Amino acid sequence: MKKRFYITTPIYYPSAKLHIGHAYCTTLTDIFARSKRERGYECYFLTGADEHGLKIEKNAEAAGVTPQAFVDNIVEGFYKLWDLLKISNDDFIRTTQTRHTETVQKIFTRMLNKGDIYLGKYEGWYCRYCESFWTDTQAGPDKVCPDCGRPVQKAEEEAYFFKTSKYVDSLMKFFDENPKFLIPESRKNEMINTFIKPGLDDLCVSRTSFSWGIPVVENPKHVVYVWLDALTNYITALGYDSKDDSLFKKYWEDEETEIIHILGADITRFHAIYWPMFLESLGIRKPDREFVHGLLMMKDSKMSKSKGNVVDPYPLVEKYGVDAVRYYLAREVNFGSDGSFSPEQFVERINVDLANAYGNLLNRTVSMINKYFQGTIPAYQGQKTDFDGSLESMIELTIDSYEKAMDDLKITEALTYVNELVNRANKYIDETTPWVLAKDSEKVDELASVMNHLSRALFVASRLYHPVLVTASDKAFTQLGLSEEKALYENVHDKHLLDNLTVNKGEPLFPRLDPVVEVPFINELMSGNK
Ligand code: MSP
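A word on the layout of surface pockets
- Of the voids in this model, the second largest pocket is the one considered here, and its volume is about 420 Å³.
- Lining the second largest pocket we find 22 residues, and of these Lys180, Ile183, Arg289, Asp408 and Lys410 sit closest to its centre.
- Counting residues per element, the ones that place at least two in the lining of the second largest pocket are β7 (182-183) and β12 (289-293).
- Along the lines of polarity and charge, the residues of the lining of the second largest pocket split into seven nonpolar, four polar and eleven charged.

This is the structure we're talking about:
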């Protein structure tokens, strides 16, 4: 395993407010970054905004403001949302920042000088009214403008292209030599069969029909077009080819860094095909892993404003708390598969896993320690019964399986291991029946052992939940009497950690939600009436 990590989310378009699908990607990336840092690894986490392009130019025009003012306003909302969701990114790149635009111009020049970029003609469907070019797919079978609905005509404009043909063979070789590059693996065949085998067109990397972009230095009526501008954010943010490139040296060039991009299935092609080609053209290393997650739908249909089913994560977090929303996103939809958001499942997930299983276990344990041992957790005394032994092995097994799953970005699976530990600990209470032991003075050691084991199971569960439940886990540590230092991840295997600590009873971590009240409330949120 490498010793440090560089992990990124896609940079989001500030053409409109972010929805829960974007929050899904950023939250899951954050969970991975936090879990690595908590386990003692260095991890640099980047997210940002992809601010150029025709759509933003048009939206700004419609709003009667400059494109810069338009994106500034929307990006302000990104910052607020990531703050609210407690996203721990180390940097936020905006493609309108000088550190990005200057480097993109240098990259363009280098590729041009190398002969990897050439001037050619872009053919597309042109809407005279909107002054926009559209692709075949965008114009659809009726060949109409997707914006205004008027008929479009075939037209040409001068544009620069990136020579993909030059790099296809080495890309295929790279795929072969790095079977773990694209995850899930099925994505690799999809890329090869859908895009490479039928013949890959050269990629258009400049446009003249709009101006909201980075000017091409050699020919300023052109602006750099979308993917060359967007993908390079992953290196411009680290200071590639700039005065201070120390982060680039550390987090990109150094082979001891594992570079991981997280992205949604809809943008796999750009990351898996063009990005490695750009990097090869620049003569720099390719990422180690690209993890492609599925899309979060709304009960089998895509989220869309007109259907009234867009979930704004902001009010959801305000109402139910950051932990509940982060947990739902990580646990409900298997990271890597498509999934759907439903208010019913949201409420049920919180109630079953967090309120009934985890919160209740903490509550019961702390109450029993107060009642039977005046608030002091009895010291570890080995395994008094087979039940103790079985819970102890379960704890070790859980840590091991959790770490393996997390390392493979199987975040949902990692959480299920913690859920199983919590359920096992609840069952352990039923098996050991502390209330019966408490009536027998000869069983006081056994009872003490039960309290110690329960406390340790709770510590380990809270520690493993911590990258997700960023506030509730800390509250659990406090209730168990653990100082910040004692609660560190490095102590997960310490059987004596909880010895003689004083518990502090607190509020329930997750109050039970009433579906009769909450489901209609979330439905209202989705229809935009709240
Ligand atoms: N700007 C480009 C990405 C450039 S990365 C160099 C872009 N932006 S986006 O805002 O449209 O989407 C960004 C990411 O959000 C994509 O990975 C996309 O898959 C993800 N999601 C958008 N809607 C989503 C869901 N409904 N569910 C899960 N992820 C979603 O594409």
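Remarks on the state of the cysteines
- Scanning the model with the defined rule gives zero disulfides in all.
- Cysteine Cys43 is unpaired, with the sulfur of Cys25 as its nearest cysteine sulfur at 14 Å.
- Counting only cysteine sulfurs, Cys148 is the nearest neighbor of Cys145, a cysteine outside any disulfide, at a range of 3.8 Å.
- The class of Cys145 is buried, set by a relative accessible area of 2%.

Structural notes on the pattern of salt bridges
- Scanning all chains against the criterion turns up 36 salt bridges.
- With a shortest N-O distance of 3.1 Å, Lys17 and Asp312 are connected by a salt bridge. Placement of the pair is Lys17 in the loop between β1 (4-12) and α1 (20-38) and Asp312 in the loop between β13 (296-298) and α12 (313-320), with a sequence separation of 295 residues.
- The salt bridge partner of Glu157 is Arg207, with a shortest N-O separation of 2.8 Å. With Glu157 in strand β6 (residues 153-162) and Arg207 in strand β9 (residues 206-207), this pair connects stretches of sequence that are 50 residues apart. Accessibility assignment for this pair places Glu157 and Arg207 in one class, buried.
- Taken together, the shared-partner salt bridges connect Arg4, Glu42, Lys250 and Asp254 into one network.

A closer look at the site of the ligand
- As a structural note, the neighbourhood of the ligand is formed by 23 residues, with Ile11, Asp50, Gly264, Asp266 and Leu296 the closest of them.
- In the environment of the ligand, a nitrogen atom lies 2.7 Å from a nitrogen or oxygen atom belonging to the side chain of Asp50.
- One of the side-chain nitrogen or oxygen atoms of Asp266 is found 2.4 Å away from an oxygen atom of the ligand.
- Surface burial for the ligand is 92%, taken as the share of its 660 Å² of free accessible area covered by protein chains.
- At the level of secondary structure, the elements contributing two or more residues to the shell around the ligand comprise β1, α1, α8 (226-231), α9 (233-236) and β11 (257-264).
- Split into classes, the residues belonging to the shell around the ligand amount to 13 nonpolar, eight polar and two charged.

Considering a negative patch on the surface
- Negative charge collects at one region of the surface, where Asp474, Glu484, Glu485 and Glu490 lie side by side.
- Within the secondary structure, Glu484 is located in the loop between α19 (472-479) and α20 (515-526).

A look at the sheet that holds strand β4 (residues 117-127)
- What the four strands build is an open sheet, ordered β5-β4-β6-β8; its pairing is antiparallel. The open sheet has two free edges, formed respectively by β5 (132-134) and β8 (203-204), since each of these has just one partner strand.
- Two strands pair when backbone bridges link them, and β4 and β5 are joined in this way by three bridges, in the antiparallel orientation. When the sheet's bridge partners are listed, Cys127 is paired in β5 with Ser132.

Focus: the domain arrangement of the protein
- Taken domain by domain, the protein consists of domain 1 (4-310) and domain 2 (342-491).
- Relative to domain 2, the C-alpha centre of domain 1 lies at a distance of 43 Å.
- Taken together, the contact pairs 14 residues of domain 1 with 17 residues of domain 2.
- Interface of domain 1 and domain 2: buried area, both sides summed, is about 1,500 Å²; carbon and sulfur atoms make up 66% of it.
- Its largest share of buried area at the contact with domain 2, domain 1 owes to Ile31, Glu38 and Arg39, together 40% of the area lost on that side.
- For Arg463, the salt bridge identified is with Glu38, shortest N-O distance 3.0 Å.
- Of all the secondary structure elements, the ones that give two or more residues to the side of domain 1 that touches domain 2 are α1, β11 and β12.
- Top contributing element to the side of domain 1 that touches domain 2 by residue count: α1, with seven residues.
- The class makeup of the residues in the side of domain 1 that touches domain 2 is six nonpolar, one polar and seven charged.

What counts as what
Residues numbered from 1 in each chain as written. Predicted model: local features only at pLDDT ≥ 70, side-chain atom pairs only at ≥ 80, totals over all residues. Heavy atoms only, no water. 1 Å grid on protein atoms, 1.4 Å probe; cavity = no way out; pocket = protein on both sides within 12 Å on 5 of 7 lines; lining within 4 Å. Points joined across faces, edges and corners; volume = space filled by probe spheres on them. Helix = DSSP H or I, 4+ residues; strand = E, 2+ residues; numbered from the N terminus. Nonpolar A, V, L, I, M, F, W, Y, C, P; charged D, E, K, R; others polar. Disulfide = S-S within 2.5 Å. Buried < 20%, exposed > 50% of the residue type's maximum accessible area, 1.4 Å probe, protein only. Salt bridge = Lys/Arg side-chain N within 4 Å of Asp/Glu carboxyl O. Near = heavy atom within 4 Å. Polar contact = N/O pair within 3.5 Å; in protein donor to acceptor, adjacent residues only side chain to side chain. Areas by Shrake-Rupley, 256 points an atom, 1.4 Å probe, with all protein chains shown as cover. Patch = residues over 30% accessible without salt bridge, like charges linked within 9 Å, V, L, I, M, F, W, Y side chains within 5 Å. Lys, Arg positive; Asp, Glu negative; His and termini not counted. Charge placed at Lys NZ, Arg CZ, Asp CG, Glu CD. Pairing = 2+ DSSP bridges. Domains from an automatic or database assignment. Contact = heavy atoms within 4.5 Å. Buried area = accessible area lost by both parts, 1.4 Å probe.

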